Amino acid sequence: MGFRLPGFRKASFIASQAASKSVEVPKGYLAVYIGEEMKRFVIPISYLKEPLFQELLSQAEEEFGYDHPMGGLTIPCQEDVFVELTSRLNGQ
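Here the structure is a predicted model, which means the values were calculated and not measured. (Residues numbered from 1 in each chain as written. Predicted model: local features only at pLDDT ≥ 70, side-chain atom pairs only at ≥ 80, totals over all residues. Heavy atoms only, no water.)

**Student:** Describe the pattern of salt bridges, listing the residues and the values that go with them.
**Tutor:** The tally for this structure, following the rule as stated, stands at two salt bridges. When the shortest N-O distance is used, the salt bridge between Lys39 and Glu79 registers 3.2 Å. One end of the pair, Lys39, is in strand β2 (residues 39-44); the other, Glu79, is in helix α2 (residues 79-90), with 40 residues separating them in the sequence. A relative accessible area of 28% places Lys39 in the partly exposed class. Salt-bridge contacts for Arg88 lead to Glu84; the nearest nitrogen and oxygen are separated by 2.9 Å. Here Glu84 and Arg88 lie together in helix α2, a separation of four residues that amounts to about one turn. Taking relative accessible area as the criterion, Arg88 reaches 47% and is therefore assigned partly exposed. For Glu84, a relative accessible area of 46% corresponds to the partly exposed category. (Salt bridge = Lys/Arg side-chain N within 4 Å of Asp/Glu carboxyl O. Helix = DSSP H or I, 4+ residues; strand = E, 2+ residues; numbered from the N terminus. Buried < 20%, exposed > 50% of the residue type's maximum accessible area, 1.4 Å probe, protein only.)

Here is the structure:
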């Protein structure tokens, strides 16, 4: 179903963005973990309605089901691909 974003690959992940895992996520945002190092990104929940982001969610469901080891949403995508995608979504 759908397409595969370049840089998508099935793998195990774990890490954090510049802030630690204990930093709270502001209302209206969601923490996601991306890439082999599981870098943490905090994104607006409005991304969830975007078709490209929904494709990532489908791929995450295929990879992890509903068991996300980091406690947040884990998306099996290379970090640079994710950053490019979110840049496009910010520009809309």
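Back to the write-up after that little detour.
**Student:** Could you give an account of helix α1 (residues 51-64), naming the residues involved and the relevant values?
**Tutor:** Across its 14 residues, α1 extends 20 Å between first and last C-alpha, which sits within 8% of the 20 Å expected from 1.5 Å per residue. Turning to α1, its buried residues are Phe53, Glu55, Leu56, Gln59, Ala60 and Phe64. The buried residues of α1 occupy one face: seen down the axis, they fall within an arc of 150 degrees. The inward-facing, buried residues of α1 contact β2, β3 (73-75) and α2. (Expected span 1.5 Å × (residues − 1). Arc of directions from axis to C-beta. Contact = heavy atoms within 4.5 Å.)

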